[in-house]
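Summary of structural features
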Amino acid sequence: MDEKKSRSKGVVREEKLCENLSFAAKEAFKRLRTNVVMKFPAEDSTCKIIGVTSAQPSEGKSTVSINLAYSLAELGKKVLLLDADMRRSSIHQKLHLEKTPGLSDLLGTANSISTAMRKYNSSKDSTSFDVIPGGNTPTNPSELLNSRRMETLLRALAKVYDYIVIDLPPVGAVIDAVSVSRQVDGMLLVIRENNCPRGLFADAVSQLQEANVDILGFVVNGAMEGAGKKYQYNNYYY
Ligand SMILES: Nc1ncnc2c1ncn2[C@@H]1O[C@H](COP(=O)(O)OP(=O)(O)O)[C@@H](O)[C@H]1O
Ligand SMILES: [Mg+2]
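In this report, we go over the structure that sits alongside the text. Everything numeric here is computed off the predicted structure, so don't read it as measured data. Counting restarts for each chain, with residues numbered from 1 along the sequence as it is written. Note on labels: chains are lettered from A, ligands numbered from 1, in written order. Per-residue local features of the predicted model are confined to residues with pLDDT of at least 70, and side-chain atom pairs are confined, for both listing and counting, to 80 or more; whole-chain, interface and lining totals are unaffected and use all residues. Calculation of side-chain values draws on the structure's entire complement of heavy atoms; hydrogens and water are dropped beforehand.

Quick look at the packing of helix α1 (residues 23-38) against helix α2 (residues 61-74)
Here α1 crosses α2 at 75°, and the two axes come no closer than 9 Å. The orientation of α1 relative to α2 falls into the category roughly perpendicular. Residues Phe29, Lys30, Leu32, Arg33, Val36 and Val37 of α1 form the contact with α2, whose own contacting residues are Val64, Asn67, Leu68, Ser71, Leu72 and Glu74. Residue polarity follows a fixed list, in which Ala, Val, Leu, Ile, Met, Phe, Trp, Tyr, Cys and Pro are nonpolar, Asp, Glu, Lys and Arg are charged, and the others, Gly among them, are polar. Across the contact of α1 with α2, the residue classes tally to 7 nonpolar, 2 polar and 3 charged. The axes used here are C-alpha line fits, helices contributing only the stretch in contact, and every angle between their N-to-C directions lies in the interval 0 to 180 degrees. A run of H or I in DSSP counts as a helix once it spans at least four residues, and a run of E counts as a strand once it spans at least two, with each numbered from the N terminus. Here the word oblique covers every angle except those under 35 degrees (roughly parallel), over 145 (roughly antiparallel) and from 65 to 115 (roughly perpendicular). Should any heavy atoms of two residues lie within 4.5 Å, those residues are considered in contact.

Here it is as structure tokens:
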């Protein structure tokens, strides 16, 4: 459960996700959801693949990916959350699901998709979405993400879902996000308030732009932790 806690000024706080988010955080994710949905024409019913990345680790990609997937599923959409940050996969931990077999195992061997498929069910209502966790930590995650098999997998999955949310590695540390960005319909860039150096963020944006990625928006993860403050997700700028 260590991953489920955040530490600030000596205070350890339980991280809340999905149906357990605070009212303000839920509203923020509804706004994010509306912005994502409205980016695509209403009459276009094909699956939309949304990548979530950041300039460096720990900006809140996995947290945002999970809550976005949940928020889209609340609309009754068929949603898959894919943990593609295979070096530092954390979706399974945050949602209390088995880590393996997962994406790396699907890409590394000829395992069938069903072996890696999990389901997240809300404890409060009937909202649910499918999850493919990261799987065994691979030695060659960049090659796997960039592989023909990844393209084939996404194409097969896109036939089944309304939305696929992909939790990607950071752009700055490795180039995975840029290589996979060819396969997404749009990218969200997460930035933790007062955390990411401006130059690093600008570099990430230019790398994505050079790769012709459609940047859907920037999610400012307004983490306000510590004495007397709850953490909030109330700053989404588009
Ligand atoms: N808004 C927030 N307030 C408090 N803690 C947060 C917030 N967003 C993320 N965290 C915590 O920060 C850490 C990194 O977040 P995570 O989503 O795992 O980042 P990433 O996937 O970008 O590495 C996690 O421990 C998570 O619980
Ligand atoms: Mg993560």
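Some words on the layout of surface pockets
Within this model, the second largest pocket holds a volume of roughly 190 Å³. In terms of lining residues, the second largest pocket is bounded by Val37, Phe40, Pro41, Ala42, Asp44, Ser45, Thr46, Lys48, Lys77, Asp162 and Tyr163. A 1.4 Å probe that fits but cannot get out identifies a cavity on a 1 Å grid over protein atoms alone, an open set with protein on both sides within 12 Å along at least five of seven lines counts as a pocket, and a residue lines either if it has an atom within 4 Å of a point. Grid points are joined across faces, edges and corners, and a volume is the space filled by probe spheres set on the points.

Topic: the pairing of strand β4 (residues 79-83)
Buried means the residue's accessible area, taken with a 1.4 Å probe over protein chains only, is under 20% of the maximum for its type, while exposed means over 50%, and partly exposed covers the values in between. Counting buried positions along β4 gives 5 out of 5 residues, so the element sits mostly inside the fold. Residues Val79, Leu81 and Asp83 line one face of β4 and the alternating positions Leu80 and Leu82 line the opposite face, and both faces are buried. Two strands form a pair only when DSSP identifies at least two bridges running between them. Bridge count for β4 against strand β7 (residues 163-167) is 5 bridges, and the pairing is parallel. Paired with Leu80 across the strands is Ile164, a residue of β7.

Observations regarding the side chain of Asp167
Along the chain, Asp167 turns up in strand β7. A residue counts as positive if it is Lys or Arg and as negative if it is Asp or Glu; His and the chain ends are not included. Between Lys or Arg on one side and Asp or Glu on the other, a salt bridge is scored when a side-chain nitrogen of the former is within 4 Å of a carboxyl oxygen of the latter. An unpaired buried charge is present at Asp167: no salt bridge exists, and Lys61, the closest side chain of opposite charge, is 5.7 Å distant. Setting aside its immediate chain neighbours within four residues, Asp167 contacts Val52, Lys61, Ser62, Ser65, Leu82, Asp83, Ala84, Asp85 and Ile91.

Let's talk about helix α6 (residues 148-158)
Of all the residues in α6, the buried ones are Met150, Leu153, Leu154 and Leu157. The buried residues of α6 occupy an angular sector of 95° when the element is viewed end-on, so they sit on one face. The exposed set on the far side of α6, more than 90 degrees from its buried face, consists of Arg148 and Arg155. This arc is taken over the directions from the axis of the helix to the C-beta atoms.

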